[in-house]
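Close look at the chain arrangement
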Amino acid sequence: MGRLIIVSNRVPSPHERVQPVGGLTVGLADVVRGVESLWFGWSGQHAEGAAAQDVTCETVAGVTYATIDLTSAQHERYYEHFSNDLIWPLFHYRPGIITYHRQDLAAYYGVNDLFADRLAPLLRPDDTIWVHDYHLIPLGQALRARGVTGKIGFFLHIPCPPWSVMRVLPCAEELLRAMAAYDLIGVQTDEDARNLGECYEVMGLDPTVRAFPIGIDPRGFEQEAKDNVGDPEVRRLRESLRGRKLIIGVDRLDYSKGLLERLHGYEAFLKRFPEHLRGVIFVQIAPPSREGVANYQALRRELDELVGFVNGKHADFDWTPIRYLTQPVPRHLLASFHRLADVALVTPLRDGMNLVAKEFVAAQDDADPGVLILSHFAGAAPDMPEALLVNPYDTDEIADALHQALTMPLDARQKRWRALRAEVGLNTAAEWAKRFLSTLEASAPSS
Ligand code: ADQ
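This is a predicted model, so every value here is computed, not measured.

**Considering the site of the ligand**
- In the vicinity of the ligand there are 22 residues, among which His157, Asp351, Gly352, Met353 and Leu355 approach most closely.
- When contributions to the shell around the ligand are tallied by element, the ones reaching two or more residues are helix H2 (22-32) and helix H14 (355-363).
- When residues of the shell around the ligand are assigned to their parent elements, the largest contribution, 3 residues, is made by H14.
- Within the shell around the ligand, the residues separate by chemical class into 12 nonpolar, 6 polar and 4 charged.
- Here the shell around the ligand gathers at least three residues from each of two domains, domain 1 (4-215 + 429-442) and domain 2 (218-426).

**As for the nonpolar core**
- Counting residues in each nonpolar core, the largest one holds 128 residues, and the members touching the most others are Val7, Ala357, Leu372, Ile373 and Leu374.
- Considering each element in turn, this core owes the most residues, 8 residues, to helix H4 (residues 102-119).
- Domain assignment of the residues forming this core places at least three in each of domain 1 (4-215 + 429-442) and domain 2 (218-426).
- Excluding anything up to four places from it in sequence, Leu372 contacts Ala344, Val346, Ala357, Phe360, Val361, Ala387 and Leu420.

**A word on the domain arrangement of the protein**
- Partitioning the protein into structural domains gives domain 1 (4-215 + 429-442) and domain 2 (218-426).
- For domain 1 and domain 2, the distance between their C-alpha centroids amounts to 30 Å.
- The interface of domain 1 with domain 2 comprises 17 residues on the first partner and 16 residues on the second.
- Taken together, the elements giving at least two residues each to the side of domain 1 that touches domain 2 come down to H2 and helix H3 (72-91).
- Take the side of domain 1 that touches domain 2: its biggest share by element is 3 residues, from H3.
- When grouped by side-chain class, the residues that make up the side of domain 1 that touches domain 2 number 8 nonpolar, 7 polar and 2 charged.

**What about the sheet that holds strand S11 (residues 322-325)?**
- Here 6 strands make up an open sheet; going across it, the order is S11-S10-S9-S12-S13-S14 and the pairing parallel. Sheet topology places S11 and strand S14 (388-390) at the edges, where each strand pairs with a single neighbour. Adjacent strand axes in the sheet meet at a mean angle of 20 degrees when their direction is disregarded.
- With 2 bridges connecting them, strand S9 (residues 245-250) and strand S12 (residues 343-346) associate as parallel partners. Paired with Ile247 across the bridge in S12 is Val343.

Thresholds, definitions, all that
For every chain, the first residue of the written sequence is number 1, and numbering continues from 1 along that sequence. Owing to the predicted nature of the model, reporting of local features is limited to residues with pLDDT of at least 70; listing and counting of side-chain atom pairs is limited to 80 or more, with chain, interface and lining totals taken over all residues. Nearness between a residue and a molecule or strand is assessed with a C-beta atom placed from the backbone; a distance within 6 Å qualifies. The secondary structure listing takes helices from DSSP runs of H or I that are at least 4 residues long and strands from runs of E that are at least 2 residues long, numbered from the N terminus. When residues are grouped by polarity, Ala, Val, Leu, Ile, Met, Phe, Trp, Tyr, Cys and Pro land in nonpolar, Asp, Glu, Lys and Arg in charged, and all others, Gly among them, in polar. Domain delimitation follows an automatic or database domain assignment. Note on terminology: a nonpolar core is a set of buried residues of type Ala, Val, Leu, Ile, Met, Phe, Trp, Tyr or Cys, with members joined through C-beta atoms within 7 Å. Burial is judged by counting the other C-beta atoms within 10 Å of a residue's own C-beta: 20 or more makes it buried, 12 or fewer makes it exposed, and any count in between marks it as partly exposed, with every C-beta position built from the backbone. Contact between residues is assigned whenever the C-beta positions, reconstructed from backbone atoms, fall within 7 Å. Pairs of strands are assigned from DSSP output, requiring at least two bridges between the strands. Note on method: axes are straight lines fitted to C-alpha atoms, helices fitted across the in-contact stretch only, with angles between N-to-C directions ranging 0 to 180 degrees.

Dropping the structure here:
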């Protein structure tokens, strides 16, 4: 095999290059070990004028990171508008909140063409190219137009809706036709694969679409959780609980994660099961993301208000039911926080996979495992039936699940956790990447 070329909107930050975090960077770090690799994408920086579009290269531990800057106009139209205010909500089954402008579509193609222009000269004929996510759907086609002949695969990290939702996108057929230029299209779940297959059937196309559910590095995360339980910050959390049960939520502040619905569910739980009042603490960690997008700003205001309302209504002078943190928490602390928790609330309204559910499972231990409450609408749900599965729109179902989790006997918790841990241990990030790449290598060459 020649080199492996990874392309994603954002290239890992210099810190992540040395110590990879998150499913994607960890999974790929394992695959790129021993293979000559290049990772291409946006630097995360803004710069104006022609200089912004020059490629900067840095090699760390055998991987070359090649980045370009974007102008603030490109960033706004390609990233904030088209990618995150149109494709993201639509693919998460939310056509009611999309915004579409033709100029944004033009900017989206413009940045994909720019990526192709800058990447093509760096390529060799036997390179294998793996493009990631919804920001870069037309990149494969753009590379082909520039004479690139090697294998090019694409992985969609977010859900894929059925044709009846997809067709709301004014440029749906154009984008799907562009996506069909890849030799292999990977999605998270069988449902996503069926939905995309249906779209292509309507269009009379038949590209290769397969499900490759992404995983985590469970041993690494478990180790991190164990290694840091003695950390002063983790001790501070433990001591502050004073024997109360800990319910944890960890998400990017995003409407797809069902944070408002989760808080309503927790409030219903406090009302219906008053025996738990003062006996539990819900720590929700939700650092803001995509703050330039209006829907995210509105959600943040609503969350501030709802947390204040629930705390004001149910708190006592020596107990507050919700601790709500919008500052990011370092990953090693997060792992140990998960380990301390008795229950994790993972209730997205729709999620490609949801790695937090898997991380919570990896961080627990057999002696006294916590319980995972998981939305049916997370891509992780079909493979995690031993979680307490809930419909996040049903606040009473969340309330019931919380009560069930907090009162579940040890042997039942162990039984569920062992099955979940086995699944998380089998389907790792490294396995995911290997499966995708070997299927890509075996795929028929594109015409
Ligand atoms: P995300 O929407 O970002 O990813 P998710 O998979 O849950 O969602 O999380 C990604 C990572 O970010 C996890 O490793 C998690 O620990 C970390 N993270 C999340 N919230 C955090 C917080 N508050 N503080 C610190 N770290 C936090 C997209 C798709 C998902 C899919 C992934 C991978 O939306 O459905 O699972 O890609 O394919």
